[in-house]
Amino acid sequence: MNYQYNIGCSLTNLKGIRDFIREALKEQGISDINSSEIVLALDEMCSNLMIHGHNCDPTHILELHIRIPKSHTFVFEIVDEGDVFDINQFSEPEIGSLVNEKRKGGLGIRLVKSIMDNIEYVHEGSKTTCRLTKVIE
Amino acid sequence: MVHIKRLQEDGVDIIAIVGEIDASSSIELDLAIAKSVGEGYRKIIIDCQAMEYISSAGLGVFMSYIDEFKDKNIHMVLFGMKERVMNTFSILGLAELLHIKNNKVESKQLINELSI
């Protein structure tokens, strides 16, 4: 089973994204704690893309796909057209340096990398797909 | 969507977060804490009992005050987090950088001890 949700790049739409993911995972019987981690990781990815890839332009659309596997590997995809914001290019800052340098960014990337098992980018024409995978037993 | 409520008890400013803190609403939390500091409070307790969600934008707000609070001798204690919210703090190891308690009584006790 697959789920799809299309949404404009406005930060006020993040709640809609979270509700969509929560509902889909609830239908699949995923535990509250697993679901909340995935919701968090995808919220971070989408807000990063909206801010850094699309300047929060609500006419720019993100497509979210959740692919429910027969095995335990869940696939989450975010498809967009725009500048690629590849979080694999960013190193994870140490927590201590985030405090000292008063950097508010960097935490989200750390969260996503901690939660997801794999993050990869696929380019097809003008579209970029960010594919995040997570094994849920 | 988030609502921030503030109330004062025994010289402590209690900031209650109701709802979800994300990249669009973290500014509300930032403003509430800044206002508390601006009004001269040195003891700030964050009531997280009705906080349903927090993303890195909200965590970043708490972290951005750590150094300023040390310099100004201001103390902040958070309490009443739901398990899934606490998990977000734990993933990043923030539980060790912030004071987090189970309830308001424990929080007041700690903040009074810290303020001596």
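Position labels on residues start from 1 in each chain and follow its written sequence. Key to labels: chains lettered from A, ligands numbered from 1, both in the order written. Totals for whole chains, interfaces and linings use all residues, but because this is a predicted model, local features are given only for residues with pLDDT of at least 70 and pairs of side-chain atoms are given and counted only at 80 or more.

Notes on the overall build of chain B
Phase 1: A run of DSSP states H or I qualifies as a helix once it reaches four residues; a run of E qualifies as a strand once it reaches two. Both are numbered from the N-terminal end. Regarding its fold elements, chain B presents five helices and six strands.
Phase 2: Across chain B, helices and strands are ordered from the amino to the carboxyl terminus as β-β-α-β-β-α-α-β-α-β-α.
Phase 3: Each principal axis of the C-alpha atoms in chain B carries an extent, and together these give about 35 × 25 × 25 Å.
Phase 4: Backbone-placed C-beta atoms define the burial measure: a residue is buried with 20 or more other C-beta atoms within 10 Å of its own, exposed with 12 or fewer, and partly exposed in between. Looking at the 116 residues of chain B, the share that counts as buried comes to 44%.
Phase 5: Contact between two residues is assigned whenever their backbone-derived C-beta positions fall within 7 Å. For chain B, the proportion of contacts with a sequence separation of at least 24, taken over those separated by at least 6, is 69%.

Focus: unusual backbone geometry
All names here are of chain B.
Phase 1: Residue Asp10 is not a glycine yet carries a positive backbone phi of 50 degrees.
Phase 2: If you trace the backbone, Asp10 turns up in the loop between β1 (2-9) and β2 (12-21).
Phase 3: Here Asn73, not a glycine, exhibits a phi torsion of approximately 60 degrees, which is positive.
Phase 4: Tracing the backbone through its elements, the reader meets Asn73 in the loop between α3 (66-72) and β5 (75-79).

Section: the packing of helix α4 (residues 107-115) of chain A against helix α2 (residues 56-64) of chain B
Phase 1: An axis is simply a line fitted to the C-alpha atoms; with a helix, the fit covers only the stretch in contact. Between two such axes, the angle follows the N-to-C directions and lies from 0 to 180 degrees. Two elements in contact, α4 of chain A and α2 of chain B, have axes whose closest approach is 9 Å; the angle formed by their N-to-C orientations is 130 degrees. As the angle between them shows, α4 of chain A and α2 of chain B are arranged oblique. As for how α4 of chain A packs across α2 of chain B, the hand of that crossing is right-handed. Contacts between α4 of chain A and α2 of chain B involve Leu107, Gly108 and Leu111 of chain A from the first element and Ser56, Leu59 and Gly60 of chain B from the second. In this scheme, roughly parallel covers angles under 35 degrees and roughly antiparallel covers those over 145, while 65 to 115 is roughly perpendicular and the rest are oblique. Here a crossing is called left-handed whenever its near helix is offset anticlockwise from the far helix by less than a right angle, and right-handed whenever the offset is clockwise.

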